[in-house]
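Observations on the model geometry
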Amino acid sequence: MPLSAWRGELVDFGGDAAGADQGCRHVVDGLLLVEDGRIVAAGPFERLQARLGGAPMHDARGLLLMPGFIDAHVHYPQLDVIASPAPGLLDWLERCTFPEERRFDDPGHAEEVARFFLDELLRNGTTSAMVWCTVHEASVDAVMGAARAQGMRIVAGKVLMDRNCPEGLRDTAASAYAGSRALIERWHGVGRLGYAVTPRFAPTSSPAQLAACARLLDEHPGVWLQSHLAENADELRWVAELFPDARSYTDAYDRFGLLRERTVWAHGIHLDDADRERLAAAGAAIAFCPTSNLFLGSGLFDAAAADRQGLRWAPASDVGGGSSFSMLRTLAAAHDVLRLQGQALSALRAFRSVTRDAAQALGLDDRIGSFEPGREADFVALDLAATPLLARRTARAATLEERLFALMTLGDDRAVNQVWVAGEPMKAREE
Ligand code: GUN
Ligand code: ZN
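Below or above, wherever it landed, is the structure these notes cover. Here the structure is a predicted model, which means the values were calculated and not measured.

**Topic: the overall build of the protein chain**
- Check the secondary structure of the protein chain and you find 15 helices and 16 strands.
- Taken over the C-alpha trace, the protein chain has a radius of gyration of 21 Å; the compact-globule value for 431 residues is 22 Å, and the two agree within 12%.
- A principal-axis box enclosing the C-alpha atoms of the protein chain has dimensions of 65 × 45 × 35 Å.
- By the burial criterion, 61% of the 431 residues in the protein chain qualify as buried.
- For the protein chain, the share of sequence-separated contacts (at least 6 apart) that also reach a separation of at least 24 residues comes to 74%.
- Approximately 15700 Å² of the protein chain is accessible, and the part contributed by carbon and sulfur atoms is 50%.

**Concerning the coordination of the zinc ion (ligand 2)**
- Around the zinc ion (ligand 2), the protein contributes the donor atoms His73 (NE2), His75 (NE2), His228 (NE2) and Asp318 (OD), which lie 2.0 to 2.4 Å from the metal centre.
- Coordination at the zinc ion (ligand 2) comes from four donor atoms whose angles at the metal span 91 to 163 degrees, giving a geometry best classed as irregular.
- For the zinc ion (ligand 2), the single-chain donor residues occur in sequence as H-x1-H-x152-H-x89-D. Here histidine 228 lies in strand S10 (residues 224-229) and histidine 75 lies in strand S5 (residues 69-75), a separation of 153 residues in the sequence.
- Histidine 75 sits in the buried class, given a relative accessible area of 3%.
- Histidine 228 sits in the buried class, given a relative accessible area of 7%.

**What to know about the layout of surface pockets**
- Approximately 220 Å³ is the volume attributed to the second largest pocket.
- Forming the boundary of the second largest pocket are 13 residues, of which Asp307, Leu311, Arg312, Arg349 and Asp357 lie nearest the centre.
- Within the residue set of the lining of the second largest pocket, elements represented by two or more residues are helix H11 (303-308), strand S13 (312-315) and helix H13 (347-361).
- The dominant element in the lining of the second largest pocket, judged by the number of residues it contributes, is H13, at five residues.
- Grouping the constituent residues of the lining of the second largest pocket by class yields five nonpolar, three polar and five charged.

**Overview of the site of ligand 1**
- Around ligand 1 lies a shell formed by His75, Gln78, Leu89, Trp92, Leu93, Arg200, Phe201, His228, Glu231, His267 and Asp318.
- Residue arginine 200 places a side-chain N or O atom 2.7 Å away from an oxygen atom belonging to ligand 1.
- A distance of 2.8 Å separates a nitrogen atom of ligand 1 from a polar side-chain atom of aspartate 318.
- Alone, ligand 1 offers 280 Å² of accessible surface; in the complex the protein occludes 100% of this.
- Judged by the fraction of its atoms near the pocket grid, ligand 1 is located in the largest cavity.
- Element by element, the count of residues in the shell around ligand 1 is highest for helix H2 (residues 89-102), at three residues.

**Re empty space enclosed by the protein**
- A complete count under the given rule lists two cavities of 30 Å³ or more for this structure.
- Estimates place the volume of the largest cavity at around 90 Å³.
- Lining the largest cavity are His75, Gln78, Leu89, Trp92, Leu93, Arg200, Phe201, His228, Glu231, His267 and Asp318.
- No other element matches the three residues that H2 contributes to the lining of the largest cavity.
- Computed from the structure, the second largest cavity encloses a volume of approximately 60 Å³.
- Considering the residues around the second largest cavity, the lining is formed by Ile39, Pro67, Gly68, Ile70, Thr127, Ser128, Ile368, Gly369, Ser370, Phe371, Glu376 and Asp378.

**Describing the state of the cysteines**
- Considering all chains together, one arrives at zero disulfides under this definition.
- Free cysteine cysteine 96: the closest other cysteine sulfur is in cysteine 165, separated by 17 Å.
- The exposure class assigned to cysteine 96 is buried, which follows from its relative accessible area of 13%.
- Cysteine 289 takes part in no disulfide bond, and the closest cysteine sulfur, belonging to cysteine 133, lies 16 Å away.

**Examining the nonpolar core**
- By size, the foremost hydrophobic cluster in this structure holds 111 residues, and its most contacted members are Tyr76, Val143, Tyr253, Trp265 and Phe351.
- With seven residues, the top contributor of residues to this core is helix H3 (residues 107-123).
- Dropping the residues within four chain positions of it, valine 143 is found in contact with Tyr76, Ala114, Phe117, Leu118, Val131, Cys133, Ile154 and Ala156.
- Ranked by size, the runner-up nonpolar core spans 19 residues in total, among them Met130, Val155, Leu364 and Ile368.

**Structural notes on the side chain of arginine 375**
- Mapped onto the fold, arginine 375 is located in the loop between H13 and strand S14 (379-382).
- Here the side chain of arginine 375 touches glutamate 372 through a polar contact of 2.9 Å, side chain to side chain.
- Here arginine 375 is in contact with Gly37, Arg38, Ile39, Arg356, Asp365, Asp366, Arg367, Ile368 and Ser370, once residues within four sequence places are set aside.

**Some words on the sheet that holds strand S16 (residues 424-425)**
- Spatial strand order, S3-S2-S1-S4-S14-S15-S16: seven strands in an open sheet with mixed pairing. Looking at strand neighbours, the two that pair on one side only are strand S3 (38-44) and S16, the edges of this open sheet.
- The strands touched by H13 are strand S1 (4-13), strand S2 (24-35) and strand S4 (57-67); relative to S1, the strand with the most contacts, the crossing angle is about 120 degrees.

Definitions and limits used
- Note on numbering: residues in each chain are counted from 1, in written sequence order.
- A letter from A marks each chain and a number from 1 marks each ligand, given out in the order of writing.
- In keeping with the model being predicted, local features are shown solely for residues with a pLDDT of at least 70 and side-chain atom pairs are shown and tallied solely at 80 or more, while totals for entire chains, interfaces and linings include all residues.
- Only heavy atoms go into the side-chain values, all of them from the structure, while hydrogens and water stay out.
- Secondary structure elements follow DSSP: runs of H or I of four or more residues count as helices, runs of E of two or more count as strands, with numbering from the N terminus.
- Every radius of gyration here is taken over C-alpha atoms, with the globule rule written as 2.2 Å times N^0.38, N being the number of residues.
- Relative accessibility decides the category of a residue: with a 1.4 Å probe and only protein chains considered, values under 20% of the type maximum give buried, values over 50% give exposed, and everything between is partly exposed.
- Residue contacts are counted whenever heavy atoms from the two residues lie within 4.5 Å of one another.
- Under the convention used here, a 1.4 Å probe and the Shrake-Rupley method define accessible areas, while residue burial counts only the protein chains that appear.
- A donor here means any N, O or S atom no more than 2.8 Å from the metal (3.2 Å for Na, K and Ca); water is not included, so a site may seem to lack partners.
- Angle rules define the geometry names used: all angles between 85 and 135 degrees makes four donors tetrahedral, while opposite donors over 155 degrees apart and all other angles between 65 and 115 make four donors square planar and six octahedral, leaving every other case irregular.
- Cavities and pockets are defined on a 1 Å grid built over the protein atoms alone: a cavity is a set of grid points where a 1.4 Å probe fits but cannot escape, while a pocket is an open set with protein on both sides within 12 Å along at least five of seven lines, and lining residues are those with an atom within 4 Å of any such point.
- Grid points are joined across faces, edges and corners, and a volume is the space filled by probe spheres set on the points.
- When residues are sorted by character, Ala, Val, Leu, Ile, Met, Phe, Trp, Tyr, Cys and Pro go into the nonpolar class, Asp, Glu, Lys and Arg into the charged class, and all the rest, Gly among them, into the polar class.
- Proximity is defined per residue: if any heavy atom of the residue lies within 4 Å of a molecule or strand, that residue is considered near it.
- Here a polar contact is taken to be a pair of N or O atoms separated by no more than 3.5 Å, where protein atoms must pair a possible hydrogen donor with a possible acceptor and residues adjacent in sequence count only if both atoms sit in side chains.
- Throughout, a molecule is located in a cavity or pocket provided that more than half of its atoms lie within 2 Å of its grid points.
- The definition used for a disulfide is geometric: two cysteine sulfur atoms within 2.5 Å.
- Joining through side-chain atoms within 4.5 Å is the link that ties buried Ala, Val, Leu, Ile, Met, Phe, Trp, Tyr and Cys residues into a set, and such a set is a nonpolar core.
- Two strands qualify as a pair provided that DSSP identifies no fewer than 2 bridges between them.
- In this analysis, axes come from line fits to C-alpha atoms, helices being fitted only over the stretch in contact, and the angle between any two N-to-C directions falls in the range 0 to 180 degrees.

Below, the structure written as structure tokens:
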């Protein structure tokens, strides 16, 4: 793909988050140069226009260009159980989620849902995600195949559960190992795809299955692991019964050697300082799922404690426990969860968290999450006047912080005007 260019307002975040501006790089009249699906340069139009030559220039003036959003934790097979209320996590899993996941023994169903799911991510400006499948290997083939066709960078994996789950969703330690290994060989590193070993959570994996997960990671450097951790009080009591020797839920995983770099743990609500210290030292990351945590009544993620202890976190939708695919809605909920604990979330931190920090949490910040030269050209054009109220509120905003705060508080998919994946347009535009 030859050189092409976009002119518009640019916002992205540098590697160093120090200071109140969160490393924000803001260019009011900017130019983004893209070649072969990668960013060549980003900076002031004045300075870069000489490099245009005869390259086509897309006029995105009046829109804000930002790296595509990254969803650190989302379940594609739960698309059709979004908005299913329940008194708590375990009831919701039993009554809503497990019956739905059984439907993915039909590859045709998996393919239809996977396509809709990826379109929904893109409509919301999400260009990369850590994706959960079901226990069925064909559910992984479905979403990987669809993401490959779109050119999206996703990390996904087959769910592993060998106990405390219904027949039809149960594997074994041996079949979890063999199935995951076959899928790693089929998909990991193919185009932009990555594989994540995906034990559902400690209650549904036997010690033998958790040990098999560690073996898979040892044997396949570069592969990710994703799981759930410390989401709900009943779940915590259950883990304490199942792993009586473990000091804590975190320690139950640690005993199997599962805390490492490239591991993403959803929720991490009910942790103590020792847990956070251990997770941080291991280079693990938390996926903070605010709409899910509010919807299922799970609790409030303590971001200030995580920051204090150097534990990385990134926002995530956690659909279908979460109630929105929109990372803007997710950031608004994240703000409210922190506010309930007397903490703050600035817009600059929020947008940093969903681009640069998320890329870093996934170990992909050399590929995505910013406009640095060489990064893959996944980006969004955001319309800060997409609705009458958003237009009215942003018109009187004096600073970038204030405009972005209005965007995350009032915005949703309507504010996502266009999306590019590796420089290719993804969102059908109404003319
Ligand atoms: N814990 C174990 N499985 C799940 C799941 O599917 N969703 C959420 N939110 N928590 C879980
Ligand atoms: Zn989840």
